[in-house]
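# Fold and contact review
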Amino acid sequence: MNYRSIIAALGVVLIIIGSSMILPLLWSLYYGDYDWSAFLLSSIVTMITGLIAYKATGMKGEFRTKEAFAVVSLSWIIASAFGAAPYLLTGTFASFADAFFETMSGFTTTGASVLTDIEILPHGILFWRSLTHWLGGMGIIVLFVAVLSSLGVCGLQMFRAESPGPVAEKIKPRISATAKILWYTYVGLTIAETLILWLLGMPLFDALCHTFGTLATGGFSTKNASIGYYTSPMIHWVIIVFMFLSGANFTLHYLALKGRDIKTFWRNGEFRLYTTITLLFISILAGVLIISTNQSFETSLRQAAFQVISIMTTTGYATADFELWPYLGKVLLLMLMFVGGCSGSTGGSIKVGRILILLKQARIELQRALHPRAILNAKVNNKPISSEMVMNVQQFFFIYIAITGASVVIMSALGLDLISAFTSVAATIGNIGPGLGKVGPTQNYSFIPDVGKYYLSFLMLLGRLELYTVLVLFVPSFWKK
Amino acid sequence: MRVIIIGAGKIGFNIARILVEQGHDIVVIEKDDARARVLQENLDIQVVVGNGAGTKVLVEAGIGEANLLVAVTEVDEINMIACILAKSYGVEKTVARVRNYEYVQDDNSGKSAFAGIDLIINPELVTAREIAKRIDVPEALDVVYFGDGNIQLLELKIMSEAVVAEKHLKDLNIPYPFIIVAIVRAGEMLIPHGDDKLMANDIIFILAKTKDMMKIERLLGTERKKAERVMILGGGFTGYHLAKILEERRYSVKIIEKEYKRCMDLSNALNNTLVLHGDAADIDLLKSEGAGDADVFVCLTDDDKLNLLVSLIVKHLGAKKTIAQVRRSDYISLMESVGIDVGISPRTLTANAILRFINRGNNVVSVTLLSDDKAEMMEFIVSQQSKIANKKLKDINFPNGAIIGTIYRNNKMLIPKGEECLKPGDVVTVFALPKSSSRIIDYFVV
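Fair warning: this is a prediction, and the values are worked out from it, not measured in the lab.

## Let's talk about the overall build of chain B
Scanning chain B from N- to C-terminus turns up 14 helices and 22 strands. The C-alpha atoms of chain B give a radius of gyration of 23 Å, which matches the 22 Å a tight globule of 446 residues would have. Expressed as lengths along the three principal axes of its C-alpha atoms, the size of chain B is roughly 60 × 60 × 40 Å. Relative to its 446 residues, chain B shows a buried fraction of 56%. For chain B, restricting intrachain contacts to residue pairs at least 6 apart in sequence, the fraction spanning at least 24 positions comes to 61%. Here chain B has roughly 19,400 Å² of accessible surface; of this, 50% comes from carbon and sulfur atoms. The positive charge centre, built from 56 side chains, and the negative charge centre, built from 61, are 4 Å apart in chain B.

Below you can see the structure in the form of structure tokens.
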């Protein structure tokens, strides 16, 4: 294990986090809030710690998969630990557990909050909450790799350990160029949504915060009622569209833009399934709402579309209190919690790409039962999937479900009822945010004991880094020579 | 520059590794899934799985933006088709490895399948030329030239009876400029300082002016009489090319080939070479034809094991130097340790030749892999913008595992000291271990 390089890399991550704290500082100064000094202090401390760690060690020697796993997992933990500083220094939270939970929820783009009243918070804190989403959405390490172009193969290892989905594609031969393009695409979409929301009448500050929450599929809002605060249907539709785009593969956005060919999306099997699932669930849910409520058709459709896409892409914004919906509606949303976005998106959970491979393989197994001597292999985008990939996905699915099951037991041991325990686990490991019952869209996670908050933070990390990257750290031989 | 490499064998891998270090964008096309994964894991490049002679695969690899295509698969025809296709996509330079000599032969009609290919590299021809160089300097395990041939790098073995053995480098009393850039001792390669000692059986890499080298060798005790009698085993393309080169240089050459028909062809094509028909492992034939008296015995069959065996036999019979072709270059160091003087890997040589072509006209003049890829010798032109230009060498924080060998300035060779300044236009040779080679490039390439 090359500890020197690991510490050096973590140092760079801290420098990135520390410098990003300057942005909320600027908003704080702009609004003349009392808390600007808290950001200045956190920023300086974080940056100096990072600099010392980097200067004292330096990236040297061998850097392989092992080191990459360690750097990626640890960097999310220390980013959350240092990112919690502004909350503590401004007095937003009294306990470290709360501050850590909120930051981890931000970086992992979960959007689960322990705050009861958001609207009384100063602008700096609101902005920092949303900014953690935005940084974590495309990935801290992806940013790191984009900034430091000389990393070479070790950049590639870290990129793979962080990027979501079963396969990490390279758009450009060099990993740093790929990382840059992903960030440019991300920034481009961010600017687009912010402008549109602003033109539709949302104040610039709120437009930016909500854009961060949408693009990263996060879910932190600046309003207690989330997007429901805004009554304009247009704002809802715009956010629906951008949530949907953020749940799709960013590589596809880039390729479609570059080739000026919208069909790029449709040629991708994962995107087709993503769209199909979305439309299917929207139509069922809209039907349920039309029958059970006396809302207008447009309102029902909009609410169905918003909630389905919000949960499926693991954003977690809400325009309706789905706690009050009929059972069928709630169960549909619960199922969507286990789908998630596409590979290479900012969405969490199991991912459509894996569901696609599982479905294809299921069909193959059925065919094999009928034709025992047939040679069959599953294909995605007309390319055969290796059996290792299939195994990997099946194991992922199993571990995901197994951890969810075990975690429900732990949460109920902490006193949560079945629905709350189950959905709190599903909503954190899937990086969604709101669940049902006591953790529903109008509730929050503050009542959970500290142990539970740390545990759920761990689940968020597991979910964001897609299990393996974090879990290998618990294999004893990982740390041996 | 965007470079597409087709075929991820040993040649493709080494070219990809060196070019990515130089800052180029590399896409490799490889048909084998498992091999593709090995590359993906080890190099920061894009790998496309498929046949490189197919347009669909080439487009996937981004042929439209590529500046250079290097086709080095095992199959000549794929390499040729890929290059011709690449030209039609507007790729500026193409390189193909073509092994079959019939494709390469020029009948002066001006008609050739290669109209569009910029460099056709024939591994057999390259190998023959490299072996000929080593026969010209029989005591050297490897020979590389720099600065238009004025500077020579030799890989030499220090004999146990040599006077310089057990001496400190700084105490060597040699009145000509030279520098020992590396010592290989017990399989470990180290970059020596003045305080290091030369030991018997060390292998050294030494740089000096080509015209001084003989005199330096005399003082080092590594010189040897010029070779006269050369025997070649295996009359394939490499054997034929080698015999042809050697007979022009007035060596006495004998070539042994087991196929009668091939012997007839060789006998027709060669003028002063004695062509012998016989089996390689026939000790009586080797004895009666005087293999033991040969100054150099070269084994060029396609079978690594046979090359090893015959080399050992003739060494035992008394041949002064044995050179064996080795397809699996991982075995070279092992073979050299059991008594074969020089193991030659056609693949490493091919990679070197291609790299020289690619780097032409660039800040990087040449990159040569040494000692079974365990070290590299690089040649750079210092430009005004180079990080290293106009600075004293002692002020440059040069990475460990690398050393500046010579400076070639105004047709004069200098061995630099710490006070020396690198000036724009200087041609500098740098010896580097693979771990530092990428950082070295940063110092020179802008």
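Picking up after the structure, the text goes on.
## Quick look at unusual backbone geometry
Phi at T217 of chain A takes a positive value of approximately 50°, unusual for a residue other than glycine. For T217 of chain A, the position within the fold is in the loop between α11 (204-215) and α12 (233-246). The residue R250 of chain B is not glycine, and still its phi comes out positive at about 65°. Structurally, the position occupied by R250 of chain B is in the loop between α8 (237-248) and β13 (252-257).

## Regarding α11 of chain A
Residue and element names in this part refer to chain A. The first and last C-alpha atoms of α11 sit 16 Å apart over 12 residues, in line with the 16 Å expected at 1.5 Å per residue. Among the 12 residues that make up α11, 11 are buried, leaving the element largely enclosed by the rest of the structure. Residues of α11 that are buried: F205, D206, A207, L208, C209, H210, T211, F212, G213, T214 and L215. Residues of α11 that are buried in the fold lie against α2 (22-31), α7 (123-138), α10 (175-199), α12 and α13 (250-259). Looking one or two residues past α11, T217 carries a phi angle of roughly 50°, positive in sign.

## Section: the packing of helix α6 (residues 123-136) of chain B against α8 of chain B
Residue and element names in this part refer to chain B. In contact at an axis separation of 8 Å, α6 and α8 are set at 45° when each is read in the N-to-C sense. Comparing their axes, α8 and α6 come out oblique. Crossing of α6 over α8 shows right-handed handedness. Each of E124, L125, T127, A128, R129, I131, A132 and I135 in α6 lies in contact with α8, whose residues at this interface are F237, T238, H241, L242, I245 and L246. Counted by class, the contact of α6 with α8 contains 9 nonpolar, 3 polar and 2 charged residues.

## Things to note about the interface of chain A and chain B
Contacts between chain A and chain B engage 14 residues on the former and 17 residues on the latter. Summed over both partners, the interface of chain A with chain B comes to about 1,200 Å²; 36% of that surface belongs to carbon and sulfur atoms. Contact with chain B buries area across many residues of chain A, yet K170, P173 and R174 of chain A alone supply 48% of it, more than any other trio. At the junction of chain A with chain B, the criterion picks out 3 salt bridges. Inspection of the chain A/chain B interface yields 6 residue pairs in polar contact (both at pLDDT 80 or more). Top contributing element to the side of chain A that touches chain B by residue count: helix α9 (residues 153-162) of chain A, with 4 residues. Of the residues that constitute the side of chain A that touches chain B, the class distribution is 5 nonpolar, 2 polar and 7 charged.

## Notes on the pairing of strand β1 (residues 2-6) of chain B
All names here are of chain B. Among the 5 residues that make up β1, 5 are buried, leaving the element largely enclosed by the rest of the structure. Burial along β1 is two-sided: R2, I4 and I6 facing one way and V3 and I5 facing the other are all buried. Looking at chain direction, β1 and strand β2 (residues 25-30) are connected through 5 bridges and run parallel. The residue bridging R2 from the neighbouring strand is D25, located in β2. In this structure, β1 lies alongside strand β4 (residues 68-71), joined through 4 bridges in parallel fashion. Looking at β4, one finds that I4 is bridged to L69.

## What to know about the sheet that holds strand β18 (residues 364-370) of chain B
Residues and elements named next belong to chain B. The sheet built from 5 strands is open, its strands ordered β18-β19-β22-β20-β21 with antiparallel pairing. Whereas interior strands pair on both sides, the edge strands pair on one side only; in this sheet they are β18 and β21 (412-414). This sheet shows a mean twist of 20° between the axes of neighbouring strands, independent of strand direction. Both β18 and strand β19 (residues 375-381) contribute to a ladder of 6 bridges, which runs antiparallel. When the bridges of β19 are listed, V364 appears paired with F380. Relative to β18, helix α1 (residues 10-21) is tilted by about 135°, and along the sheet it contacts β18 and β19.

## Here we look at the pattern of salt bridges
Tallied over the full model, the rule gives 31 salt bridges over all chains. We note a salt bridge from R129 of chain A to E102 of chain A, for which the minimum N-O separation is 3.0 Å. Within this pair, whereas R129 of chain A is found in helix α7, its partner E102 of chain A is found in helix α6 (residues 96-107), the two being separated by 27 residues in sequence. Members of the salt-bridge network, linked through shared partners, are E74, R97, R99, E124 and R347 of chain B.

## Focus on the side chain of S345 of chain A
Residues and elements named next belong to chain A. Position of S345 relative to the elements: it lies in the loop between α17 (327-336) and α18 (352-370). Using a relative accessible area of 4% as the deciding quantity, one classes S345 as buried. Among the polar contacts made by the side chain of S345, one reaches the main-chain amide nitrogen of G347 at a distance of 3.0 Å. Not counting residues within four places of it along the chain, the set of residues in contact with S345 comprises P164, S246, G247, A248, N249 and F250.

## Quick notes on the domain arrangement of chain B
Residue and element names in this part refer to chain B. Along its sequence, chain B is carved into domain 1 (2-121), domain 2 (139-220), domain 3 (228-348) and domain 4 (382-444). If you average the C-alpha positions of domain 1 and of domain 3, the two centres end up 32 Å apart. Contacts between the two partners involve 6 residues from domain 1 and, on the opposite side, 6 residues from domain 3. Buried area between domain 1 and domain 3, summed over both chains or domains, comes out near 600 Å², and the portion from carbon and sulfur atoms is 58%. If you sort the residues of domain 1 by the area they bury against domain 3, K10, R99 and Y101 come out on top, with a joint share of 68%. Here domain 1 is connected to domain 3 by 1 salt bridge. Put simply, R347 and E74 hold a salt bridge, and the shortest N to O gap is 3.4 Å. Viewed at the interface, domain 3 and domain 1 are joined by 1 residue pair in polar contact (both at pLDDT 80 or more). Each residue belonging to the side of domain 1 that touches domain 3 can be placed in one class, and the counts come to 2 nonpolar, 1 polar and 3 charged.

## Details of the packing of aromatic side chains
Residues and elements named next belong to chain A. In the structure shown here, the tally under the stated rule is 32 aromatic pairs over all chains. With a centroid separation of 5.6 Å and an interplanar angle of 40°, the aromatic rings of F101 and Y445 are classed as tilted. Taken as a pair, F101 in helix α6 and Y445 in the loop between α20 (418-429) and α21 (450-464) lie far apart in primary sequence, 344 residues in all. Since its relative accessible area comes to 0%, F101 is described here as buried. Taken together, the ring pairs connect W27, Y30, Y31, F127, W134, W183, Y186, F205, F212 and F250 into an aromatic cluster. Note that K223 overlies the ring of Y229, its terminal NZ or CZ placed 4.7 Å from the centroid. Above the face of the F396 ring, R354 is positioned so that its terminal group lies 3.7 Å from the ring centre.

Parameters at a glance
Counting starts from 1 at the beginning of each chain's written sequence and moves along it residue by residue. Working convention: letters from A go to chains and numbers from 1 go to ligands, in the order in which they are written. Predicted model: local features are reported for residues with pLDDT of at least 70 only, side-chain atom pairs are reported and counted for 80 or more only, and whole-chain, interface and lining totals are derived from all residues. In computing side-chain values, all of the structure's heavy atoms are included and hydrogens and water are not. Put simply, DSSP marks the helices as runs of H or I at least four residues long and the strands as runs of E at least two long, and each gets a number from the N terminus on. Using C-alpha atoms as the atom set, the radius of gyration is obtained and then compared with a globule rule of 2.2 Å times the number of residues to the power 0.38. When a residue's accessible area, from a 1.4 Å probe over protein chains only, is under 20% of the maximum for its type it is buried; when over 50% it is exposed; and in between it is partly exposed. Residue contacts follow a heavy-atom distance rule, with two residues in contact if any of their heavy atoms lie within 4.5 Å. Computed with a 1.4 Å probe, the accessible areas rest on the Shrake-Rupley method; for each residue, only the protein chains presented here act as cover. In summary, the charge assignment counts Lys and Arg as positive and Asp and Glu as negative, without counting His or the chain termini. Here the site of a charge means atom NZ of a Lys, CZ of an Arg, CG of an Asp or CD of a Glu. Take the residue count of a helix, subtract one, and multiply by 1.5 Å to get its expected span. In this analysis, axes come from line fits to C-alpha atoms, helices being fitted only over the stretch in contact, and the angle between any two N-to-C directions falls in the range 0 to 180 degrees. Here roughly perpendicular refers to angles of 65 to 115 degrees, roughly parallel to angles under 35, roughly antiparallel to angles over 145, and oblique to all remaining angles. Two helices that cross are described as forming a left-handed crossing if the nearer one is turned anticlockwise from the farther one by less than a right angle, and a right-handed crossing if clockwise. Each residue gets one label: Ala, Val, Leu, Ile, Met, Phe, Trp, Tyr, Cys and Pro are nonpolar, Asp, Glu, Lys and Arg are charged, and the others, such as Gly, are polar. Each of two parts loses accessible area, computed with a 1.4 Å probe, when they are put together; buried area is these two losses added. The term salt bridge refers to a side-chain nitrogen of Lys or Arg lying within 4 Å of a carboxyl oxygen of Asp or Glu. Definition of a polar contact: a pair of N or O atoms within 3.5 Å, with one able to donate and the other able to accept a hydrogen when the atoms are protein atoms, and with sequence-neighbouring residues admitted only if both atoms are side-chain atoms. Any two strands are treated as partners once DSSP identifies two or more bridges connecting them. Where a domain begins and ends is set by an automatic assignment or by a domain database. For Phe, Tyr and Trp, where Trp contributes only its six-membered ring, two rings pair if their centres lie within 6.5 Å, and the inter-plane angle classes them as stacked under 30 degrees, edge-to-face over 60, or tilted in between. Two thresholds decide whether a charge sits over a ring: the Lys NZ or Arg CZ must be within 6 Å of the ring centre and within 35 degrees of the ring normal.

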